[in-house]
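Geometric and topological summary
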2 protein chains.
Amino acid sequence: MTENNTFSIAEAAAQAKSASRVVAQLTTTEKNALLTDIAAAISAGKDFILQENEKDISAGRAKGLTDAMLDRLLLTGPRIDDIADAIREIVALTDPVGDIRNLTLRPNGMQVGKMAIPLGVIAMIYEARPNVTAEAAALCIKSGNAVILRGGSEAIYSNLALAQCLHQVLQQHGISREIVTVIPDTSRGVIEDLLKQSQSIDLVIPRGGEGLIRYVTENSRIPVIQHFKGVCHLFIDKYADINKGLDILVNGKTQKPSACNALETLLVHKDIAAGFLPAAAKALVPAQVRIHACELSQPYFRDAAPATPEDYHAEYLAQEIAVKVVDGFDAAIGHINEFTSDHTEVIVSQDYSRAQQFIRRINSSVVMINASSRFSDGGQLGLGSEIGISTSKLHAYGPMGLEALTTEKFVVFGDGQIRD
Amino acid sequence: MTENNTFSIAEAAAQAKSASRVVAQLTTTEKNALLTDIAAAISAGKDFILQENEKDISAGRAKGLTDAMLDRLLLTGPRIDDIADAIREIVALTDPVGDIRNLTLRPNGMQVGKMAIPLGVIAMIYEARPNVTAEAAALCIKSGNAVILRGGSEAIYSNLALAQCLHQVLQQHGISREIVTVIPDTSRGVIEDLLKQSQSIDLVIPRGGEGLIRYVTENSRIPVIQHFKGVCHLFIDKYADINKGLDILVNGKTQKPSACNALETLLVHKDIAAGFLPAAAKALVPAQVRIHACELSQPYFRDAAPATPEDYHAEYLAQEIAVKVVDGFDAAIGHINEFTSDHTEVIVSQDYSRAQQFIRRINSSVVMINASSRFSDGGQLGLGSEIGISTSKLHAYGPMGLEALTTEKFVVFGDGQIRD
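Now for a description of the structure that goes with this document. (Residues numbered from 1 in each chain as written. Chains lettered and ligands numbered in written order. Predicted model: local features only at pLDDT ≥ 70, side-chain atom pairs only at ≥ 80, totals over all residues. Heavy atoms only, no water.)

1. Remarks on the relation of the copies chain B and chain A
Overlaying chain B on chain A yields an RMSD of 0.0 Å, the required transformation being a rotation through 180° with an accompanying axial translation of 0.0 Å. Each copy turns onto its partner about a two-fold axis. Closest to the rotation axis within chain B is the C-alpha of His-395 of chain B, separated from it by 1.8 Å. Interface overlap between copies: 100% of the residues of chain B at the interface are likewise at the interface in chain A, consistent with a symmetric, same-surface contact. (Least-squares fit on C-alpha atoms with pLDDT ≥ 70 in both. Contact = heavy atoms within 4.5 Å.)

The following block contains the structure:
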């Protein structure tokens, strides 16, 4: 990393590419030792990191950032401990690199398999969350990738402080510091430049609002992991266990409405509407959930607004939900297929065949039977830490863990075979 | 498919998307029955297809196409039988769709797995090879995808004739004909339009020369499978079995030099150069291979041209090869990493550790020990038919079979679980 005024993205990307060959060759033991020391360095650097974070917070206050934004930006002693713990959890994850899968014998005696390898260089573009800086760097290192981090300008002092801790450990281990690059230039033009480095960067992962993700998608010459929004559906089937349905509805909608895996639309089979909706209306009262109801469901709710097509597209990210009574199973599938964001859809049903059909016919990235949409998360699904989520089908689909930061090459073990 | 003059790409792509939901839900039995009947219809339609192909051939002659191009365009009775046979081979392949992998139990009792699903809509953009039309359609149907085919304008009559056979069978089976769309409009603007349909199309696979692939890559708003060129390397290690090395050299260079998996550069360890190169020079004489030799290897060849850096980048696709003596194992790895096209690299060595190191340190899409680069092909590696080859790491890397036309969604089997 050179000084701000001479920083060249093309140069940084080329150095990252060359460093990616180094990190790709580290053994799991070496990578774990590195990450363990990075966690320790972050804990040990707490005072310095807090002092730099304070600069971001003051600047943010002066700029008039909202309380929510300041809270995302804020680091505290316990939050820094959480970052260090998150890195220690990544140490504990299984390293996918080097695994050979499906080694099979060809008729001519060659053995052919596929070996997991790192992607190369990952660029992360995200907003003002300093914890992403450390966790994304750790996930990339663990999966043998170099990483280029471009966080929100509001977090620049915090991000550079974390980078300093990382670089200090890389130096101690005698490993190229270009494995992790935090871009010091906070101008918007930097993103545009970054997205042109397809010679050096293998994948771009944007994390943030729909605007950022659209901007990156439309301007990138490098493959991008896309996740625009989460319009998650819950379908209460005719054969639903009503109590399970209520629990899953309340949990999905109210536990963390700002999350992309929160429920946004409730579909109810017409034959169970009279049994389910009165209880649902009551269950949603404590969290003061605003209801946008279709004609048939409106009578069950006090003060429900009429649901419009926009409501069925809406990602409220708030205590707000669209409710629709559907004519039957096919109508529920039809509605989901029309309005899906390819994030997460849930059926509540005790009927074996209908549950299986739902799983088969809905091709969103996460499809669930009788479980809360809030489980649609890398940690909850067993991936360990999550680097992002993909709602487009190429390369990865759904929450992405270490595995999604690798690809597979063919390996062939021969003994002199030639082709006829 | 509407008439040429009213054909709308956006409309066709939207119809393909809607049809993709139909083909995604067909069972393996249904898809195999469809493909078996398509193979039969192509055989039965031989006279009609030959008659339409004759129109392409006449037009091609009038346009002054080269003999090689005319040969690629030409269909004959036996070639049509080959197409039908290729489709029957696709029937015999394992259907990946619906497989659930890695179903594991979470601590809260949920079972979480990943199910293979079709990508959706695949667009193929290719040159004047009518066999691609039928085989790509069959691979997409087998993997549950809809397909949009845009072949070279030179093959338009042949492609539309094949499409007619396919559509007739789809109609007999009562299945939406929009599952397979052959674009009747042969203007170049059509490709531009097609590459904008990211709402409907999930993946673009271009097949053809580097120019076509660069054009598609640079103009697409849809993910593209890239395969620019194949500069395949053979490294004869110090501990090589010389006879295996000679066989693999001659096979890799001369058996089909026009293939992307043919050898383009020979690297020889300096300690074996005096033992290997005289025999290599002799072995390459019968095929009249032109040699571009480095300074150290030049004395071993009669009439060798001096190798320039351009030679190390060259994809000759002809009886021509660059030869370089390298200082050691690391120098060989370094040369490959500098000049790789990420296609296929081969080591010939009897030394266990060095062979393993080569596999580990070279991250091209296919890495081989003691086997001919000519095996770098979907059929030879055991994938069955190949829809294309990827030399970029996202989604697929190396030869692509049915599996590469699918993605994986998460499936969660719960029993009322909610998140704390």
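2. Quick look at the state of the cysteines
Residues and elements named next belong to chain A. Tallying each qualifying case throughout the model produces 0 disulfides over all chains. Note on Cys-260: no disulfide assigned, nearest cysteine sulfur contributed by Cys-232 at a separation of 6.9 Å. Residue Cys-260 is classed as partly exposed on the basis of its relative accessible area, which comes to 25%. Sulfur of Cys-294: no disulfide; nearest cysteine sulfur belongs to Cys-232 and is 20 Å away. (Disulfide = S-S within 2.5 Å. Buried < 20%, exposed > 50% of the residue type's maximum accessible area, 1.4 Å probe, protein only.)

3. Let's talk about the interface of chain B and chain A
The partner chain A presents 70 residues to the 70 residues of chain B that form the contact. Both faces considered, chain B and chain A share a buried interface measuring about 6,000 Å² in area, 53% of it formed by carbon and sulfur atoms. The largest contributions to the chain B side of the interface with chain A come from Leu-394, Phe-410 and Arg-419 of chain B, which together make up 14% of the buried area. There are 2 salt bridges connecting chain B and chain A. The salt bridge partner of Lys-244 of chain A is Asp-415 of chain B, with a shortest N-O separation of 2.8 Å. Linking chain B to chain A there are 48 residue pairs in polar contact (both at pLDDT 80 or more). Of all the elements in the fold, those that place two or more residues in the side of chain B that touches chain A are helix 1 (9–24), strand 2 (111–118), helix 9 (210–219), helix 10 (242–254), helix 14 (352–361), strand 13 (366–371), strand 15 (398–400) and strand 16 (406–417) of chain B. Sort the elements by how many residues they give to the side of chain B that touches chain A and strand 16 of chain B lands first, with 11 residues. When strand 13 (residues 366–371) of chain A meets strand 16 of chain B, the two strands line up parallel, connected through 5 bridges. (Buried area = accessible area lost by both parts, 1.4 Å probe. Salt bridge = Lys/Arg side-chain N within 4 Å of Asp/Glu carboxyl O. Polar contact = N/O pair within 3.5 Å; in protein donor to acceptor, adjacent residues only side chain to side chain. Helix = DSSP H or I, 4+ residues; strand = E, 2+ residues; numbered from the N terminus. Pairing = 2+ DSSP bridges.)

4. Quick look at the packing of aromatic side chains
Residues and elements named next belong to chain A. For the structure on display, the rule yields 4 aromatic pairs over all chains. Between Phe-235 and Phe-329 the ring centres are 6.1 Å apart and the planes differ by 65°, which places this aromatic pair in the edge-to-face class. Placement of the pair is Phe-235 in strand 7 (residues 232–236) and Phe-329 in helix 13 (residues 329–339), with a sequence separation of 94 residues. In this structure, Lys-324 is placed above the aromatic ring of Tyr-312, and the distance from its NZ or CZ to the ring centre is 5.3 Å. (Phe/Tyr/Trp six-rings, centres within 6.5 Å; stacked < 30°, edge-to-face > 60°. Lys NZ or Arg CZ within 6 Å of the ring centre and 35° of its normal.)

5. As for the packing of helix 5 (residues 77–92) of chain A against helix 6 (residues 130–142) of chain A
All names here are of chain A. Interhelical geometry of helix 5 versus helix 6 gives an angle of 15° and a closest axis separation of 10 Å. It follows that helix 5 is roughly parallel to helix 6 by the angle criterion. Read as a crossing pair, helix 5 and helix 6 show a hand that is right-handed. Judged by residue contacts, Ile-83, Ala-86, Ile-87, Ile-90, Val-91 and Ala-92 of helix 5 engage Asn-131, Ala-134, Glu-135, Ala-138, Leu-139 and Lys-142 from helix 6. Looking at the contact of helix 5 with helix 6, its residues break down into 9 nonpolar, 1 polar and 2 charged. (Axes fitted to C-alpha atoms, helices over the stretch in contact; angles between N-to-C directions. Parallel < 35°, antiparallel > 145°, perpendicular 65-115°, else oblique. Left-handed = near helix turned anticlockwise from the far one by under 90°. Nonpolar A, V, L, I, M, F, W, Y, C, P; charged D, E, K, R; others polar.)

6. Focus on the side chain of Asn-251 of chain B
On the secondary structure map, Asn-251 of chain B appears in helix 10. Looking at Asn-251 of chain B, the relative accessible area reads 7%, which means it is buried. Contact partners of Asn-251 of chain B, with chain neighbours within four places excluded, come to Ile-418 and Arg-419 of chain A together with Ser-372 and Arg-374 of chain B.

7. So, the sheet that holds strand 6 (residues 203–207) of chain B
Residues and elements named next belong to chain B. What the 4 strands build is an open sheet, ordered 5-4-3-6; its pairing is parallel. With one partner strand each, in any of the chains shown, strand 5 (180–182) and strand 6 form the two edges of the open sheet. The average angle at which neighbouring strand axes cross in this sheet is 15°, direction not considered. With 5 bridges connecting them, strand 3 (residues 121–126) and strand 4 (residues 146–150) associate as parallel partners.

8. Notes on helix 3 (residues 46–63) of chain A
Residue and element names in this part refer to chain A. The end-to-end C-alpha separation of helix 3 is 25 Å, in line with the 26 Å expected for 18 residues at 1.5 Å each. Of the residues making up helix 3, those classed as buried are Ile-49, Glu-52, Asn-53, Asp-56, Ile-57 and Gly-60. Down the axis, helix 3 shows its buried residues gathered within 150° of arc, on one side only. Away from its buried face, by an angle of more than 90 degrees, helix 3 presents the exposed residues Asp-47, Arg-61 and Ala-62. The elements touched by buried residues of helix 3 are helix 2 (28–44), helix 4 (67–73), helix 5, helix 6 and helix 7 (156–172). Just past helix 3, the residue Gly-64 takes up positive phi, approximately 80°. (Expected span 1.5 Å × (residues − 1). Arc of directions from axis to C-beta.)

9. Remarks on the pairing of strand 11 (residues 320–326) of chain A
Residue and element names in this part refer to chain A. Judged by how many residues are buried, strand 11 sits mostly within the fold: 6 of 7 residues are covered. Relative to strand 11, strand 8 (residues 263–269) is paired through 5 bridges, and the arrangement is parallel. Counterpart to His-269 in the pairing with strand 11 is Val-326.

10. So, the sheet that holds strand 11 (residues 320–326) of chain B
With mixed pairing, 10 strands are arranged side by side in an open sheet as 1(A)-2(A)-16(A)-13(B)-12(B)-7(B)-8(B)-11(B)-9(B)-10(B). Each edge of the sheet is formed by a strand with only one pairing partner; in this case those strands are strand 1 (100–105) of chain A together with strand 10 (305–306) of chain B. Pairing of strand 7 (residues 232–236) of chain B with strand 12 (residues 344–348) of chain B, which is carried by 4 bridges, proceeds in the parallel orientation. The residue bridging His-233 of chain B from the neighbouring strand is Glu-345 of chain B, located in strand 12 of chain B. On top of the sheet, helix 10 of chain B reaches strand 16 (406–417) of chain A together with strand 7, strand 8 (263–269), strand 11, strand 12 and strand 13 of chain B; it is set at about 160° to strand 8 of chain B, its chief contact.

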